[in-house]
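# Fold and contact review
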Amino acid sequence: MAIRNIREMGDEVLTKKCREVTEMTPRVKELIEDMLETMYEANGVGLAAPQVGILKRIVVIDTTGEDPHILINPRIVETSGEQTGNEGCLSVPGKCAVVTRPNYVKAVALDVNMKEFELEGTELLARAICHEVDHLEGRLYVEKAEGPLKDVNYDEEE
Ligand code: NI
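In this text the structure is predicted, and so the values were computed from the model without any measurement. (Residues numbered from 1 in each chain as written. Predicted model: local features only at pLDDT ≥ 70, side-chain atom pairs only at ≥ 80, totals over all residues. Heavy atoms only, no water.)

## Structural notes on the sheet that holds strand β7 (residues 116-122)
Sheet strands pair via backbone hydrogen bonds, and the direction of the pair is either parallel or antiparallel. For clarity, the cut-off: Should DSSP find at least two bridges between two strands, the strands are regarded as paired. Where helices and strands are cited, they refer to DSSP runs of H or I of at least four residues and of E of at least two residues respectively, numbered from the N terminus. For helices, the fitted axis covers only the stretch in contact; all axes are lines through C-alpha atoms, and the angles between them, taken along N-to-C directions, range from 0 to 180 degrees. Contacts between residues were defined by any pair of non-hydrogen atoms, one from each residue, lying within 4.5 Å.
Read from one edge to the other, the open sheet built from five strands follows the order β1-β2-β3-β6-β7, with strand pairing classed as antiparallel. Looking at strand neighbours, the two that pair on one side only are β1 (46-48) and β7, the edges of this open sheet. Direction aside, the axes of adjacent strands within the sheet are offset by 35 degrees on average. Note that β1 and strand β2 (residues 58-61) share three bridges and pair antiparallel. Note on β2: the bridge partner recorded for G46 is I61. Against the sheet, helix α1 (residues 26-41) contacts β1, β2 and β3 (69-80), and its axis sits at roughly 35 degrees relative to β2. Helix α2 (residues 123-136) rests against β1, β2, β3, β6 (104-110) and β7 of the sheet, and its axis sits at about 125 degrees to β7.

## Observations regarding the sheet that holds strand β8 (residues 146-151)
Reading across the sheet, the three strands line up as β4-β5-β8 and stay open at both edges, with antiparallel pairing between neighbours. What marks the edges here is a single partner per strand, and that holds for β4 (83-87) and β8. With direction set aside, neighbouring strand axes in the sheet form an average angle of 25 degrees. Sheet topology note: the strand β5 (residues 95-101)/β8 ladder contains three bridges and is antiparallel. Residue pairing across strands places V98 opposite E146, the latter belonging to β8.

## Considerations on the coordination of the nickel ion
Short version of the rule: Counted as coordinating are nitrogen, oxygen and sulfur atoms within 2.8 Å of the metal, or 3.2 Å for Na, K and Ca, while water is not included, which may make sites look incomplete. Accessible area is worked out with a 1.4 Å probe on protein chains only. A residue is then buried under 20% of its type maximum, exposed over 50%, and partly exposed in between.
Of the protein atoms, only C89 (SG), H131 (NE2) and H135 (NE2) coordinate the nickel ion, at distances of 2.1 to 2.2 Å. On the primary sequence, the residues serving as donors to the nickel ion are separated as C-x41-H-x3-H. Here the residue C89 occupies a position in the loop between β4 and β5, and H135 occupies one in helix α2, the gap between them amounting to 46 residues. Across this residue pair, the class does not change: C89 and H135 are buried.

## Description of the side chain of E87
Definition in use: Whenever two N or O atoms come within 3.5 Å, that pair is a polar contact, provided that in protein one can donate a hydrogen and the other can accept it, and provided that, for residues adjacent in sequence, both atoms are side-chain atoms.
For E87, the location among the structural elements is in strand β4. A distance of 2.7 Å separates polar atoms of two side chains, one belonging to E87 and the other to R101. Residues contacting E87, with those up to four places away along its chain left out, are K95, C96, A97, V99, R101, R127, H131 and Y141.

## What to know about unusual backbone geometry
In this structure, N73 is a non-glycine residue whose phi angle is positive, near 50 degrees. Structurally, the position occupied by N73 is in strand β3. Phi is positive for M114, which is not a glycine, with a value near 60 degrees. Exposure remark for M114: the relative accessible area of 24% places this residue in the partly exposed category.

## Re the side chain of Q51
Of note, Q51 is situated in the loop between β1 and β2. For Q51, a relative accessible area of 1% puts it in the buried group. In this structure the side chain of Q51 is engaged in a polar contact, spanning 2.9 Å, whose partner is the side chain of S91. Residue contacts for Q51: discarding those within four places in its chain leaves N5, I6, R7, L14, G46, C89, L90, S91, E132 and H135.

What follows is the structure, given as structure tokens:
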């Protein structure tokens, strides 16, 4: 496993639409392991493959630090409710902004064995699923920000 370089806003790779994964290969497995390691090392709650420069539809999410979700070719199939709050991104370091997202999300994705599964989430997990799936379409949260980007105040972090 290895820590990969996280691409930052302004890098063209973050604006591209990603391609579906059609088969699990040792290379894809290694990418997923590296993405998890890179996310944890950066204290993130999610990471999408384009953030490490790979245009594949793969995201990893862990909102609690002990519950990693790996989603290949994820699709959001149901949403409800609304939440408005601060959101950040490892590709926009030190910044956050207010974004409104659904409060409940159901996604369908493939696992590392290319078996379909469902992931349901509320609150932070719902927000993370939406944020990461946006990355696969080449979209950053800053496009949805309500108001200006703010500096993250680490003293106020929960
Ligand atoms: Ni992000």
